Every structure is written in structure tokens, then in C-alpha cells.
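One letter stands for each residue in the lines below.
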Amino acid sequence: AAIGSGTQGSGDHWSSRTAFVLASIGSAVGLGNLVRFPAEAGANGGAAFVLFYIFCVVLIGIPLLLSETLIGRHGQAAAPASYRKMAVESGASPKWEWVAGIGVFSSTLVLGFYCVLGGWVLYYIGIFAGDLVATGISGTAFQGMSVEAVEALFPALIGNGPLTVALDVAFLLITLAFVARGVSGGIEKAAVWLMPAFFVLMLGITIYGATGGHFIDAANYLFKFEPEKLTGPVMLAAVGQAFFSLSLGMACMVTYGAYVGRDVNLAKSSGIIAGSDTLVAMVAGLCIFPIVLAAGLAPEGGLGLMFQTLPHAFQDMPFGSLIGLLFFIMVAFAALTSSISLLEVPTAWLIDKFGLRRIAASVIVATAGLVLGVLSALSTGMLSWFHPLDFVPLFADKGVMDVLDIFTSRLTMPITALLTCIFIGWVADRRLVDSESGLGGGAHRVWRFLVRWVCPVALLAILWVGLTS
Ligand code: PHE
């Protein structure tokens with residue numbers, strides 16, 4: 001496809017537009033949608049939060065998604081080389097490649113702790129699978145166990161260093177198995193099989209949960225309109241969440257964009273990807289809360305919602321162990337297609353920059369992810385005393401996992417995203433950007449205005465609040 005792109009790239013491409021869209025949805029839909037969004041929306045103003053979130057996705061998320069995929073598609077190369085190509089062709093400094101370099105760095109860091117969380121999900125798959133074998137298909141989960149014992153599984157897990165490390169390694173190896181096989185041979189296969197399976201599971205579990213009679217309560221909880229809860233910090237949490245959820249600011253969508261052919265309309269694809277991601281975040285709430293409420297539990301926020309409250313809720317349900325198993329398989333599929341995209345970003349860069357073979361490149365990145373992962377996995381247990389950046393106020397009293405999370409979500413992701421907007425809106429050659437965007441007339445002017453003005457201001461606000469609070 002990429003006639004005359006002039007850059008080497010890995011040459012590998014998506015085999016169709018659907019493959020690109022599904023892989024990008026796979027990257028976007030992950031633990032952010034399933035764990036964080038429902039917990040935050042429920043606790044922070046319900047419909048007011050949801051509406052504001054949608055507002056952020058439309059005004060900031062989609063414009064940035066289009067900017068990132070466009071840079072990649074034009075460059076047809078790993079993220080740094082793609083920024084460089086566009087910069088040079090626009091008569092700007094090749095140093096713009098550093099913006100993507102920060103993104104490559106961030107995705108490596110996130111890969112490190114994301115696979116630890118993926119490992120936790122594998123643990124619950126194992127628990128429910130064992131339960132299913134023990135009690136049969138219609139059994140409720142955790143028979144004969146007290147509520148305290150079920151909820152104690154989670155602290156016991158994250159405090160168990162060898163186990164969390166082993167699970168982290170397992171999740172990382174599964175991720176590696178797909179990335180090592182290439183774009184159309186591996187990454188795309190994961191997306192094309194796992195994402196449809198994910199949608200079916202999610203729909204099925206949501207319908208099942210609704211039969212428990214608490215669907216309306218859950219919708220009321222998730223969509224109750226409480227504008228007074230929409231404070232400044234909550235609004236910024238919503239923008240940040242929109243960002244993370246759409247996999248922006250990590251050179252990820254640039255990398256996926258580089259495998260797209262000329263015939264694909266990027267504006268339309270960006271809309272579909274962002275729309276699906278947002279829809280999944282909302283359905284996740286309607287999937288989880290009815291189950292939690294049916295068990296008479298309080299829908300508390302944070303990680304406890306998925307890893308403690310929900311297992312406990314499955315304890316009281318008919319077919320609890322089966323549904324619990326399917327639920328965590330669904331979460332694992334979502335997390336896996338995200339970790340695959342995280343591993344692909346630095347892998348593509350190594351291939352592009354040093355001419356490495358894909359297998360070697362992906363193993364090197366996975367090894368870096370392993371080191372960070374081991375430190376993260378242990379940071380909730382035996383290494384919890386280790387606070388590597390204790391002397392920086394932002395990271396005081398934080399273990400490795402939190403440091404990686406805060407460093408990327410508050411610092412490097414917003415910086416990459418901010419500079420990307422400036423690059424596309426102010427630096428890059430306008431005709432070049434226009435011809436890639438696939439937008440016409442009015443829509444194009446709106447997009448350009450958002451990228452030049454609205455996104456940078458919002459990102460500066462995120463950075464400011466993230467670093468000062
Ligand atoms: N979007 C993913 C999620 O919601 C996480 C992610 C961020 C993946 C950035 C890739 C890049 O879980």
C-alpha cells in the first residue's frame with residue numbers, strides 16, 4: 001500500500017480495516033474500562049461523570065486518536081521514525097521523534113505493571129476453574145467459605161511474592177507469544193478471535209446479571225445524576241481516564257496506525273474505536289453492579305470491586321463458579337489485547353531502529369517488562385518497604401507499582417499527548433495532515449481547532465493538577 005513512503009518499517013500490515021479496528025479496540029478496551037471506569041463513575045456523580053466523560057472522549061480523545069493514527073499511517077514506521085518523517089517533511093526538527101521516544105518508554109513501564117494485574121486475573125480464573133471442577137456446573141462459588149475468607153483471598157494473593165511473580169511471567173509469556181508472531185500473524189489473530197469472544201461474554205454476563213433483578217438499581221446507581229459531585233479533581237480524573245482508556249499518549253495508536261493501508265478512513269475508524277471503548281466502559285458498569293447489588297453488597301470503588309466484592313457476589317449466585325470463571329476469562333481477554341499493544345510499541349521501535357528480528361526485539365522488551373514486573377509484583381508484598389523515589393513528593397511512600405503508574409499517567413502520558421497536539425496542530429505541514437486525515441470541510445476545521453486549542457489546554461490542566469495534587 002504505502003507507495004513512496006520512503007521509510008523502511010517492518011513491512012507487516014493489518015490484513016483488513018476490520019483487523020485494524022478490532023486490534024485498536026482491543027488495545028483500548030482493558031482493565032481501565034472494566035476496573036476503573038465503573039468504580040469511578042459510580043462513586044463520582046454517576047450520569048454527571050458519564051456525560052462529562054463522553055464530552056472528554058469526543059472533544060479530546062477522538063481528535064488525539066486521529067492525530068496519533070495519522071502520524072503512524074503517514075510514517076509507515078515505528079512511532080519515533082513516523083514522527084521524524086512527518087517533522088522533516090514539514091521542515092521541522094527531526095527531534096520531534098523524542099515525543100514518540102517518551103511514548104515508547106512509557107509503554108514499557110506500563111507493560112511492566114499491567115502484566116502483574118493480568119496475572120491477578122489469571123489467579124481468579126484458576127480459582128473459579130478449580131471451584132467449577134469441585135462443585136459442578138451449577139454450583140455456587142466458594143462453598144463452605146466465609147465471606148471473610150473469600151475477601152482474604154486477594155490480600156493473600158498480592159502478598160504472595162512467588163505466586164504473583166509466577167502469574168506475571170505467565171501473562172507476559174502469553175503476550176509475547178502473540179507479539180513474536182508479528183502483526184498479521186499474531187497481534188491481529190488475538191484481536192480477531194478474542195475481541196468478539198469478549199463482546200459475547202460481556203453481553204451474556206450482563207444479561208445473566210440482569211436476571212438477578214437488580215438491573216434497574218444498577219443503572220440508577222451508575223446513571224444517577226449528581227452534578228454536585230463533579231468537582232475539579234473529579235473532572236480531571238475523567239479526562240485522565242478517557243486518555244488511558246483510549247491508549248493515548250503512549251505511541252501505541254501511532255504504532256498501530258503504521259500498519260494501516262492508504263485506503264482506510266482514519267477519522268471514521270477513530271470514531272468507531274472511541275465509541276466502542278466508551279460503550280464497553282458503560283456496559284461494564286451494567287455488567288458488574290447488578291451482580292454486586294443482587295448479593296446485597298455495597299459497590300465500593302478501587303481494585304476491591306473486581307477482586308473482592310465481585311468474587312464474594314458470585315458466592316451467592318446460582319452457577320456462581322461458572323459465571324465467575326467466564327467473567328474473569330472475559331477480563332483476561334481484554335487485558336491481553338491491551339498488553340499485546342503495550343509490548344508491540346517498543347518492539348516495533350527496536351525492529352525499526354536496530355534492524356533486529358521481531359522475535360529478538362520482542363524478547364528484549366519482554367525481558368525489560370519482566371524486570372519491572374517482578375519489582376511491581378513484589379511491591380505489594382515483600383518489597384512493600386521499597387520506595388524507590390521517596391525523595392520526590394509525588395512518589396513519597398509509593399512502592400514500585402504505584403511509582404510506575406503515577407509516573408506514566410501523571411507525567412509522561414500527558415506530556416507525549418500535549419506535544420503531539422502541538423506537533424499536529426501547529427508544527428506539521430498542514431496539507432500533509434489534511435490529506436491524511438480523511439476529513440472534509442467543516443469537520444476538518446472543527447478537528448483542527450480542537451487539536452490546536454482545546455486539547456493542549458486540557459492537557460496542560462491535567463499535567464498541572466496531576467503534578468501538584
Ligand atoms: N487502554 C488500556 C486499558 O484501558 C490500557 C492501555 C493504555 C493499553 C495505553 C495500551 C496503551 O486498560
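Predicted model only: the values in this text are computed from it and were never measured.

A. Examining the overall build of the chain more closely. Along its length, the chain carries 18 helices and 0 strands. The globule rule puts the C-alpha radius of gyration for 469 residues at 23 Å, and the 22 Å found for the chain is close to it. With respect to the three principal axes, the spread of C-alpha positions in the chain is 70 × 50 × 50 Å. Within the chain, the proportion of its 469 residues that are buried is 56%. Put simply, of all contacts in the chain between residues at least 6 apart along the chain, 83% involve residues at least 24 apart.

B. A look at the confidence of the model for the chain. With 98% of its residues at a pLDDT of at least 70, the chain reaches an overall mean of 93. This stretch, residues 1-9, has a pLDDT under 50; its non-local contacts, to residues over four places away or in other chains, come to 17 contacts. Here the predicted complex carries an ipTM of 0.98, next to a pTM of 0.96.

C. Representation of the site of the ligand in the model. Near the ligand, the surroundings consist of 15 residues, among which Gly30, Gly32, Ser247, Cys252 and Ser338 are the closest. Secondary structure elements with two or more residues in the shell around the ligand: α1 (17-28), α2 (31-43), α10 (232-245) and α14 (320-354). Tallied by class, residues from the shell around the ligand come to 7 nonpolar, 8 polar and no charged.

D. Highlighting the environment of glycine 61. Counting through the fold element by element, glycine 61 comes out in helix α3 (residues 47-75). In this structure the C-alpha to C-alpha distance between glycine 61 and phenylalanine 244, which are 183 residues apart in sequence, comes to 9.7 Å.

E. Broad picture of unusual backbone geometry. Positive phi is not limited to glycine here, since serine 247 has a value of about 55°. Secondary-structure assignment places serine 247 in the loop between α10 and α11 (252-257). Overall, the presence of 31 C-beta atoms within 10 Å leaves serine 247 in the buried class. In this structure, phenylalanine 319 takes a positive phi of about 60° despite not being glycine. With respect to the helices and strands, the residue phenylalanine 319 is situated in the loop between α13 (303-315) and α14. Under the C-beta neighbour-count criterion, phenylalanine 319 is labelled partly exposed, with 17 such atoms within 10 Å.

F. How the structure looks around helix α17 (residues 430-437). All of the buried residues along α17 are Val433, Glu436 and Ser437. Projected down its long axis, α17 shows its buried positions confined to an angular sector of 100°, all on one face. Residues of α17 that are exposed and point more than 90 degrees away from the buried face comprise Arg431 and Ser435. Looking at the buried side of α17, the elements it contacts are α3, α12 (266-294), α16 (400-427) and α18 (441-468). Backbone geometry just after α17 places glycine 438 at a positive phi near 75°.

G. Structural detail: the packing of α2 against α12. One way to put it is that α2 packs onto α12 with a least axis distance of 8 Å and a crossing angle of 75°. The pairing of α2 with α12 is recorded here as roughly perpendicular in orientation. In this structure, α2 uses Asn33, Leu34, Phe37, Pro38, Ala41 and Gly42 to contact α12, whose residues at the interface are Asp277, Val280, Ala281, Ala284, Gly285, Ile288 and Phe289. Taken together, the residues that form the contact of α2 with α12 break down as 9 nonpolar, 3 polar and 1 charged.

H. Inspection of the environment of phenylalanine 198 at higher detail. Summarising the element assignment, phenylalanine 198 is placed in helix α8 (residues 183-211). Assessed through the 24 C-beta atoms surrounding it within 10 Å, phenylalanine 198 is described here as buried. Counting along the chain gives 133 residues from phenylalanine 198 to valine 331, while the straight-line C-alpha distance between them is 8.0 Å. Sequence-distant contacts of phenylalanine 198, defined by excluding residues within four places in its chain, comprise Met330, Phe333 and Ala334.

Scoring rules and cut-offs
- Residues numbered from 1 in each chain as written.
- Predicted model: local features only at pLDDT ≥ 70, side-chain atom pairs only at ≥ 80, totals over all residues.
- Helix = DSSP H or I, 4+ residues; strand = E, 2+ residues; numbered from the N terminus.
- Rg over C-alpha atoms; globule rule 2.2 N^0.38 Å.
- Buried ≥ 20, exposed ≤ 12 C-beta atoms within 10 Å, placed from the backbone.
- Contact = placed C-beta atoms within 7 Å.
- pLDDT = per-residue confidence, 0-100.
- Near = placed C-beta within 6 Å.
- Nonpolar A, V, L, I, M, F, W, Y, C, P; charged D, E, K, R; others polar.
- Arc of directions from axis to C-beta.
- Axes fitted to C-alpha atoms, helices over the stretch in contact; angles between N-to-C directions.
- Parallel < 35°, antiparallel > 145°, perpendicular 65-115°, else oblique.

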